[in-house]
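Each chain, letter by letter, is given below.
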Amino acid sequence: MTNAPLPTPSQPPVKTPLPPSGLVPQVQPGMKPPTPPVSPAPTAPASLPPLPVKPVAEAVPPVAPAPVAPTAPLPPVASVPPVSAAPSMPAAVGQTPTGLPQAARPTMPPPAAGAPPAGLPPVAVPGKPGPATPPPPKNPPTASAGGAAGKSPIAAGPKKSILRFLPFVVIALLIIGVVGFLAMRFLNGGSNTPSTSGTKTPNQGGAAASAKPTNKQVTLTYWGLWEPSEVMTQVLKDFETANPGITVQYVKQSPKDYRERLQTAIVSGNGPDLFRFHASWVPMLKAELSPMPGSVMSSAEYQKTFYPVAAKQLQLNGQFVGIPLMYDGLALYYNKDVLQTAGVEPPTTWSGLRTLATQLTVRTSGGSIERAGLAIGTASNVDHFSDIIGLLMLQNGADLTNPTTVEARDALTFYTNFAKVDKVWDSTLPNSTTAFARGDVAMMFAPTWRVHEIKAMNPNLNFGIAPLPKLAETQLAWASYWAEGVSAQSKNKDDSWKLLKYLSSPEIMQKLYSSQSQVRSFGEPYSRVDLATQLADDPYVAPYLSDAPAAQGWYLSSNTFDNGINDQIIKYYEDAITAVAVNSRTVSDVVTTLDQGVKQVLRQFGVPVTSTGSTTTGGTTGR
């Protein structure tokens, strides 16, 4: 583009465009039950399923091991009671409490050789004397007189005692218990989650026993900033229904000191799992932001889904660290009645805007401004002045990290001339939003959310919104929006990203927009490119979305309340603009101090700056 000379302060406004000089476009396993040692007794069938991994303590109390054989010598065989007098098997041996699965307790090992079973008098087992049992006599006693001649005496009664089958009975009971336990687990849903309510008793049935256990219980803490709880309630309930075991606690925060409180909470381990943050805060939240997993969205899908500015701003070390659920930026507000009376349409270029601003300015007989043409030129009473100057510098090809360049100085001169030279606005007027709502200024720049304020102040104001003016044919706009991120300290990162993926889906974004529209004039503009057509006919939102594909941003984003990179840089620009527009200083007088301040802040927050002033970070920003 050919540079056109900037009109001198003395040059009177004309109806033809007056382009400024130099403006150039551009988620344990349990303990296994001990395995019975090998013995002559039959073991469980090979087809028996493996014992459950559920910890023994979670089902029944462990059975005390069989008592050790007494140290005193065992009585001789002759002292053993006859078989018919053998005591019945105690219930404590191999028996399972009513209603409890046997397999959940430790498997009882078979009695040691020669040792009596637990709870029974010691019995000598033929052929297998214990170490403390006296050996059997070499010549067994002869048969009684009534015995058959020539036949060997019948062995002592104990040799035929049914107690020799005790190990088999115990093992059979264990097998039955295992089968019963497995059947109970199958009927109860097969949960692997250990019980935390202690040992169950036969009376613990009912609803608790029939309820299907869940694999996990997770509570996600979500810090929001602008949306009231009633807007988020339904979509979060729908997410919880679709994801059993996950509960979301949404907490709306105050913007005052929000960024500092967020970082302090995360560092202390008491922060949220996911939270809202401004896109320009990425350099300040490097340690707090968790990178988005590729399973949530691929890089190509991300760039296709959202506007280009999001892919640039929400990157850290080549990874995305946020998902935008809305979009916003700047657009030109205009008083329809004033423009209709003048017979003009909203301008599409900066030169046309400058001319129209002069034409629409009305002065009193004393020369003071009665109705301003455009709220621009100063800093103290122009809401979003930093966004406007950032837009002008970007459109003019300036390096925002180096205000000393010709392009940056020309943009500063052009901005301040609206007040200093053209006098279409001055520092004595109320802030631009209030003045516009009152009808005291014909045009102003602002984001979408100012519409709600204006309608609250003056419901009868007839106003419209137009896309941003261009510098010649340069198609470049200003973006300033908020995104959602996941805490690097969260223990539930996967579930948090799952929630963000859900919230950023087309269907849920539309539900959110509808809910938001119930509490204010309209919802937050969609951040998804594929939803732009849904708002193409909205007079308040469509102009912003038409500029969104070509929008950029930087650390001059107003109303982020960060007390950090934005607010500090904005303060340096405020001082510089006031010095020029109000205190009659020249741009050359203030750019050196401005440049030093900007670079100092960038370095403070770890934004590398080259010798020429260009940054090497992943992008630019805005709300």
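Just so you know, these numbers come straight off a predicted model, no measurement behind them. (Residues numbered from 1 in each chain as written. Predicted model: local features only at pLDDT ≥ 70, side-chain atom pairs only at ≥ 80, totals over all residues. Heavy atoms only, no water.)

Attention now moves to the packing of aromatic side chains. With the rule as written, the count across this model stands at 22 aromatic pairs. Plain terms: the ring middles of W223 and Y258 are 6.4 Å apart, the flat faces sit at 45° to each other, and that makes the pair tilted. Taken together, the residues span a long stretch of sequence, with W223 in strand β1 (residues 218–224) and Y258 in helix α4 (residues 258–268) at a distance of 35 residues. The pair W223 / Y258 is uniform in exposure class, with both members buried. Note on F463 and Y540: the rings are 5.6 Å apart at their centroids and 35° apart in plane angle, and the pair reads as tilted. Within this pair, whereas F463 is found in strand β11 (residues 463–466), its partner Y540 is found in the loop between α14 (506–516) and α15 (542–547), the two being separated by 77 residues in sequence. The two residues F463 and Y540 agree in class, both being buried. Taken together, W223, W226, Y258, W281, W482 and F561 form an aromatic cluster joined through their ring pairs. (Phe/Tyr/Trp six-rings, centres within 6.5 Å; stacked < 30°, edge-to-face > 60°. Helix = DSSP H or I, 4+ residues; strand = E, 2+ residues; numbered from the N terminus. Buried < 20%, exposed > 50% of the residue type's maximum accessible area, 1.4 Å probe, protein only.)

Turning our eyes to something else, we now look at α14. An α-helix turns once per 3.6 residues; consequently, residues spaced three or four apart project the same way. Those residues of α14 that fall on the buried side of the exposure criterion are I508, M509, L512, Y513 and Q516. What you see down the axis of α14 is that its buried residues fit within an arc of 145°, all on one side. Looking at the packing, one finds that the buried side of α14 touches α3 (229–242), β6 (323–324) and α13 (493–503). (Arc of directions from axis to C-beta. Contact = heavy atoms within 4.5 Å.)

So, about the pairing of β1. Burial analysis of β1 places five of its seven residues in the buried class, the great majority of the element. Both β1 and strand β2 (residues 246–252) contribute to a ladder of seven bridges, which runs parallel. Residue pairing across strands places G224 opposite K252, the latter belonging to β2. Chirality of the crossover, the property in question, places the unit of β1, α3 and β2 among those that are right-handed. (Pairing = 2+ DSSP bridges. Right-handed = clockwise from strand over helix to strand, strands pointing away.)

We now examine the nonpolar core. Judged by nonpolar contacts, the single largest core of 146 residues is most densely connected at W350 and M443. A total of eight residues in this core trace back to one element, the largest contributor, which is helix α16 (residues 565–581). (Core = buried A, V, L, I, M, F, W, Y, C linked by side-chain atoms within 4.5 Å.)

The topology assignment puts P283 in the loop between β3 (274–278) and α5 (299–305). Between the C-alpha atoms of P283 and G606, which are 323 residues apart in sequence, the distance is 6.6 Å. What P283 contacts, discounting residues up to four positions off in sequence, is Y555, I565, F605 and V607.

On the basis of which strands lie adjacent, the open sheet formed by three strands has the order β10-β7-β11 and antiparallel pairing. Strands at the two margins of the open sheet, each flanked by one partner only, are β10 (443–446) and β11. Each strand of the sheet is rotated relative to its neighbour by a mean of 30°, with strand direction disregarded. Here strand β7 (residues 331–335) pairs with β10 via four bridges, running antiparallel. Note on β10: the bridge partner recorded for Y333 is M444. This element, helix α8 (residues 350–360), spans β7 and β10 of the sheet and lies at about 135° to β10. (Axes fitted to C-alpha atoms, helices over the stretch in contact; angles between N-to-C directions.)

One non-glycine residue, N317, lies in positive phi territory at about 55°. Structurally, the position occupied by N317 is in the loop between β4 (315–316) and β5 (319–320). Phi is positive for N559, close to 55°, though the residue is something other than glycine. Of note, N559 is situated in the loop between β14 (551–552) and α16.

Proximity of charged atoms lets side chains of opposite charge pair with each other. Using the criterion set out here, one finds 11 salt bridges in the structure. The partner of R450 in a salt bridge is D383, and the shortest N-O contact between them spans 3.9 Å. Taken together, the residues R450 in helix α12 (residues 450–457) and D383 in the loop between β9 (369–371) and α9 (385–395) connect sequence positions 67 residues apart. When its relative accessible area of 8% is taken as the criterion, R450 is described as buried. R528 is the salt-bridge partner of D530, the closest N and O atoms lying 2.9 Å from each other. On the accessibility criterion, D530 (43% relative accessible area) is partly exposed. (Salt bridge = Lys/Arg side-chain N within 4 Å of Asp/Glu carboxyl O.)

Caution is warranted with low-pLDDT regions, since their predicted coordinates should not be read in detail. Across the protein, the average pLDDT comes to 77, with 65% of residues at 70 or higher. Between residues 189–213, whose pLDDT stays under 50, and residues either more than four places distant or in other chains, the model counts 20 contacts. Low confidence marks residues 612–623, where pLDDT is under 50. Its contacts with residues over four positions away, or in another chain, come to 54 contacts. (pLDDT = per-residue confidence, 0-100.)

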